[in-house]
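Listed here are the chains, written in short residue letters.
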Amino acid sequence: MNVTTNTAAQRLTFWEKLYLPEIVKGLVSTLKTMAKPSMTRRYPEERWEPLGSYRGRPVLVQEESGERCVACGLCSRVCPALAIEVRAAETMERDKERYPDLFEINMLRCIYCGFCEEVCPEEAIVMSKDYDIVFHSQEAAIFGKDQLLTPVARLQERLEFLRQYK
Amino acid sequence: MPVITIDGVKIEAQPGKTIIEACLENGITIPHFCWHPSLSVAGNCRMCLVNVGSQKKSPEGTLEVDGEGNPVIMWMPKLQIACATPISDGMFVSTKDDKTLTAQNSVMEFILINHPLDCPICDEAGQCKLQEYAYKFSKGESRFDDIKNHKDKRVAWGPQVMFDGERCISCSRCIRFATEIANQPVLSFVQRGDHVTIETFEGTQFDSPYSMNVIDICPVGALTSIDFRFKARVWDMSFNDSVCPGCSRGCNIKVGVRDNEILRLEPRANPIVNKYWMCDAGRTTQYKWVNANRVSGSYIRSDKGLVLADADTAYTAIAKAIKQYKSDEVMIVVGGMLSNEDVYTVKKLASEVIHTNRLVVVERTDTGFADSFLRTADRNANSHGIASLGITSIKPNEIADYISKNHIKALLVLGDEIIRGDEAILSAVKSLSFFALATFNECQSTEIANVIIGSATYAESEGTYTNITDRVQHFTPAIVTKENMRIMGMKMSRLDKFGAQNDRWTQGDKRDCKQHWRIAQGIAEALGTNFGYKNSESVFDDIVKHVTGYNHMSYDALDSHLGLTLNHAQHPESLGVIYESHTLKPN
């Protein structure tokens, strides 16, 4: 018969066997933490604001005269996940003769690597701070120009970051 | 023959050749922009500067060698342009020494001084000679920090060609092409120095039927096609080898496809047929009818109108109808755009299964289209091939008579629109009891035909055309259909290869259209005879076996010799070295 002696429970002292001191220690720790400022937040009412270096979903920069993008297709070429589709068109009205007639990013394919932003010769596609990207169907995951165009004022922080470190 | 030494390699060349030509023939490429084997030598880009010299001679007249036995070379004090320096026996050429490399870098730096950094919006990017050389022969540094010259960026030279003055590097290839090949000398340099640009003469425009070839030979993106401008980046397209079906010349072409839609056609060099050129009409018209207004699937006309059916049902319907008539009451018309494989199978269907000899092709002659260069009056791409397979031709105005005189009851048309607004033919066709049609596009015939089957165009099928000089040329599919989905070796772009169900860029129209030989085989099978052809190549092998003139041919032989002439397959013409100025790599 295999009888185990000298187990951890057998080695406990009297005070340890009482458990009370350990419970008090735990309660002290809880009370200490209660007094500290809270680390969690009430998402989505309270949102975290990332820094300029954060790579959220890619967006197109929109200026007053229209989008910066000239539809060169380099982002589409460099994209390792083939998430981007660009189709160009010609215009006589603006000073840039070429603009994207269609610009779509399939957010199911996007891996947030930021290559598109890095390759862009016009600084027209940048990573935004958006991190909560939700959709209910595969079709809705394909973001068109209407969802991608973002006013340049809202992207200042990222553009400054790029100028400094890119 | 003179022997010259290039970078230590001795090569033999024809007397009178220039250094660049001698090098090209021996597989050495000297960088160049303005030189083109089909154009005269201008020598103005200075990119082909090389070090040229000869062995030193002693006063006694013997050639001097140094202590180790190497020749002592007296280099010319200045570099010479390889495109305009004729070779001479005993010449030494160096293309890799420091002096030449420095010159190449300097020329690149000089050319790039006023070249805008337009690459992102330039259609040439990806297949640009200047981009390629900037990587290969330039250090990529510029000491120029002034403001670049500004010139006109969008000047239409004619209906097809758009000129961008800033991108132009003044190589004059287009000027020489217009003068020497297109015979329309309307282009000229104007201004001087860094303000130099190219203009058409007052009151003229560059509207030659061959004008768009300047777009291909332009080493940069200064000349763009108005028809194609900004449609796609070259690396997003796939380019499959084909043959232009516009006339019986059979210019070799490449078909540029993105998202299963043809976006442009461009010439493929073939020294015997079309050299480096093709006509604008072929380029701008021969893809549009492939993209739009197509018949996809098979239809049978009933009381309720046209009903979509599967192909086998359509074949059975045709077979059932044909069986009701005597064999010489059945007439078959093949289109001039059908390949040899198609026509051979249709002929087999007519002679061995239906037993009718009423198999004709309609002549399509347009004398206004012909010229003395490439364009021919015979608009049937494969008229010589069809004739070589023993099919008689009739003129369009004889169709109505043919139907009424021979008491035709059933008509089967493959790959042609015979009505074309002609009242006499229309009433003749309406008088028939049965009219079956295999066609590419919606047309007048599709409105009245009893059975309609969508058929594959040249861009969707594999086959051979025999051109006006009896040269048999192989073409391959460029567009995916439901039938050719699995043809191996079809070049596909990156987008095509990796597209998935939920990508919108792969949702291009995959049509349900069949090659004509498959339709003919299907009808024969419905009539109880199985030809047993598996693919176009098996049909062609059968032609090679049974039709004299095609002996010793095969798809592989046709590909490697860029076509073979009827009856002379054993003695292929020498192609020489095929020059390629600049193209998308790899392709």
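Given the structure is predicted, the values throughout are model-derived calculations rather than measurements.

## Section: the overall build of chain A
Reasoning step 1: The number of helices and strands found in chain A is seven helices and seven strands.
Reasoning step 2: Counting from the amino terminus, helix and strand elements in chain A follow one another as α-α-α-β-β-α-β-β-α-β-β-α-β-α.
Reasoning step 3: Over its C-alpha atoms chain A spans a radius of gyration of 27 Å, topping by over 25% the 15 Å that the globule rule assigns to 166 residues.
Reasoning step 4: Dimensions along the principal axes, computed over C-alpha positions, put chain A at roughly 90 × 45 × 35 Å.
Reasoning step 5: A buried classification covers 25% of the 166 residues belonging to chain A.
Reasoning step 6: Across chain A, the fraction of contacts at a sequence separation of at least 24, relative to all contacts at a separation of at least 6, is 75%.

## Here we look at the interface of chain A and chain B
Reasoning step 1: Contacts between the two partners involve 18 residues from chain A and, on the opposite side, 13 residues from chain B.
Reasoning step 2: Put simply, the parts of the chain that give the side of chain A that touches chain B at least two residues each are α4 (74-78), β3 (84-90) and β4 (98-106) of chain A.

## Looking at the sheet that holds strand β14 (residues 261-267) of chain B
Residues and elements named next belong to chain B.
Reasoning step 1: If you trace the three strands from one edge of the open sheet to the other, you get β12-β13-β14, paired in antiparallel fashion. Each of the sheet's edge strands pairs with one partner strand only, and the pair in question is β12 (238-243) and β14. With strand direction ignored, the average angle separating the axes of adjacent strands in the sheet is 30°.
Reasoning step 2: Relative to β14, strand β13 (residues 252-258) is paired through six bridges, and the arrangement is antiparallel. Of the residues in β14, the one forming a bridge with Val-257 is Ile-262.

## Points about the nonpolar core
Residues and elements named next belong to chain B.
Reasoning step 1: Core analysis: the largest hydrophobic core is formed by 182 residues, its most contacted members being Cys-48, Ile-318 and Val-334.
Reasoning step 2: For this core, the leading source of residues is helix α9 (residues 340-354), giving seven residues.
Reasoning step 3: Leaving out residues up to four positions away in the same chain, Cys-48 has contacts with Ile-20, Ile-30, Pro-31, His-32, Trp-35, Ile-81, Ala-82 and Cys-83.

## Quick word on the domain arrangement of chain B
Frequently, the measure chosen for interface size is the accessible area removed from exposure when the parts meet.
Reasoning step 1: Domain annotation of chain B identifies domain 1 (3-110), domain 2 (144-225) and domain 3 (298-459 + 513-565).
Reasoning step 2: Its C-alpha centre places domain 2 of chain B at a distance of 45 Å from the equivalent point of domain 3 of chain B.

## A few points about the sheet that holds β3 of chain A
Residues and elements named next belong to chain A.
Reasoning step 1: What the three strands build is an open sheet, ordered β3-β4-β6; its pairing is antiparallel. If you trace the sheet from one side to the other, it starts and ends with β3 and β6 (142-143), each paired once.
Reasoning step 2: Relative to β6, β4 runs antiparallel, the two sharing two bridges. Residue pairing in the sheet places Asn-106 in a bridge with Ile-142 of β6.

## Overview of the packing of α9 of chain B against helix α16 (residues 536-546) of chain B
Residues and elements named next belong to chain B.
Reasoning step 1: The contact between α9 and α16 brings their axes to 9 Å, and the two run at 70°. Here α9 lies roughly perpendicular to α16, going by the angle between them. Crossing hand, α9 versus α16: left-handed. Contacts between α9 and α16 involve Asn-340, Glu-341, Tyr-344 and Thr-345 on the former and, on the latter, Ser-536, Val-539, Phe-540 and Ile-543.

## Observations regarding unusual backbone geometry
Reasoning step 1: That bond from Tyr-43 of chain A to Pro-44 of chain A is cis: its omega, 5°, falls within 30 degrees of zero.
Reasoning step 2: Inspection of the secondary structure puts Pro-44 of chain A in the loop between α3 (20-35) and β1 (58-63).
Reasoning step 3: The backbone of Asp-7 of chain B shows a phi angle near 50°, a positive value even though the residue is not glycine.
Reasoning step 4: With 15 C-beta atoms counted inside 10 Å, the residue Asp-7 of chain B sits in the partly exposed group.
Reasoning step 5: The phi torsion at Asn-567 of chain B lies on the positive side, around 70°, for a residue other than glycine.

## Points about the pairing of β1 of chain A
Look at any regular strand and the pattern is simple: side chains alternate between the two faces of the sheet.
Residue and element names in this part refer to chain A.
Reasoning step 1: Most of β1 sits out of view: five of its six residues are buried.
Reasoning step 2: Alignment of β1 against strand β5 (residues 125-127), held across three bridges, turns out to be antiparallel. The residue bridging Leu-60 from the neighbouring strand is Ile-125, located in β5.
Reasoning step 3: Pairing of β1 with strand β7 (residues 149-151) involves three bridges; the strand directions are parallel. Residue Leu-60 lies in a different strand from β7, and its bridge partner there is Leu-149.

## Notes on the confidence of the model for chain B
Residues and elements named next belong to chain B.
Reasoning step 1: Here chain B shows a mean pLDDT of 93. Residues at 70 or above account for 100%.
Reasoning step 2: Within chain B, the lowest mean pLDDT, 83, falls on helix α14 (residues 494-498), and the highest, 97, falls on helix α4 (residues 173-181).
Reasoning step 3: For this predicted complex, the interface confidence score (ipTM) comes to 0.86, while the overall pTM stands at 0.90.

## Thoughts on helix α15 (residues 516-526) of chain B
Residue and element names in this part refer to chain B.
Reasoning step 1: Counting buried residues along α15, 10 of its 11 residues qualify, which places the element largely inside the surrounding structure.
Reasoning step 2: Within the span of α15, buried status applies to His-516, Trp-517, Arg-518, Ile-519, Ala-520, Gln-521, Gly-522, Ile-523, Ala-524 and Ala-526.
Reasoning step 3: The inward-facing, buried residues of α15 abut α8 (311-323), α9, β20 (410-414), β21 (434-439), β22 (451-454) and α16.

## Some remarks on the environment of Gly-8 of chain B
Residue and element names in this part refer to chain B.
Reasoning step 1: You can see Gly-8 is positioned in the loop between β1 (3-6) and β2 (9-12).
Reasoning step 2: When the 9 C-beta atoms within 10 Å are taken as the criterion, Gly-8 is described as exposed.
Reasoning step 3: Spatially, the C-alpha atom of Gly-8 lies 18 Å from that of Leu-79, the residues being 71 residues apart in sequence.

## Some points on the packing of α9 of chain B against α15 of chain B
Residue and element names in this part refer to chain B.
Reasoning step 1: It is the contact of α9 with α15, at a shortest axis distance of 7 Å, that shows an interaxial angle of 20°. As summarised for this structure, α9 and α15 are arranged roughly parallel, according to the angle between their axes. Here α9 and α15 pass one another in a crossing that is left-handed. Packed against α9, whose contacting residues are Glu-341, Asp-342, Thr-345, Val-346, Leu-349 and Val-353, the element α15 presents His-516, Trp-517, Ala-520, Gln-521, Ile-523 and Ala-524 at the interface.
Reasoning step 2: Within the contact of α9 with α15, the residues separate by chemical class into seven nonpolar, three polar and two charged.

## What about the environment of Met-76 of chain B?
Residue and element names in this part refer to chain B.
Reasoning step 1: Mapping Met-76 onto the fold places it in the loop between β4 (73-75) and β5 (80-81).
Reasoning step 2: Since 12 C-beta atoms lie within 10 Å of it, Met-76 is described here as exposed.
Reasoning step 3: With 22 residues separating them along the chain, Met-76 and Ser-54 place their C-alpha atoms 8.3 Å apart.
Reasoning step 4: If we skip the residues at most four places from it in the chain, Met-76 touches Val-52 and Gly-53.

## Some remarks on the environment of Thr-367 of chain B
Residue and element names in this part refer to chain B.
Reasoning step 1: With respect to the helices and strands, Thr-367 occurs in the loop between β18 (359-362) and α10 (383-388).
Reasoning step 2: You can call Thr-367 exposed: it has 8 C-beta atoms within 10 Å.
Reasoning step 3: Distance from Thr-367 to Gly-250, taken between C-alpha atoms, is 17 Å for residues 117 residues apart in sequence.

The rules behind the values
- Residues numbered from 1 in each chain as written.
- Chains lettered and ligands numbered in written order.
- Predicted model: local features only at pLDDT ≥ 70, side-chain atom pairs only at ≥ 80, totals over all residues.
- Helix = DSSP H or I, 4+ residues; strand = E, 2+ residues; numbered from the N terminus.
- Rg over C-alpha atoms; globule rule 2.2 N^0.38 Å.
- Buried ≥ 20, exposed ≤ 12 C-beta atoms within 10 Å, placed from the backbone.
- Contact = placed C-beta atoms within 7 Å.
- Pairing = 2+ DSSP bridges.
- Axes fitted to C-alpha atoms, helices over the stretch in contact; angles between N-to-C directions.
- Core = buried A, V, L, I, M, F, W, Y, C linked by C-beta atoms within 7 Å.
- Domains from an automatic or database assignment.
- Parallel < 35°, antiparallel > 145°, perpendicular 65-115°, else oblique.
- Left-handed = near helix turned anticlockwise from the far one by under 90°.
- pLDDT = per-residue confidence, 0-100.
- Nonpolar A, V, L, I, M, F, W, Y, C, P; charged D, E, K, R; others polar.

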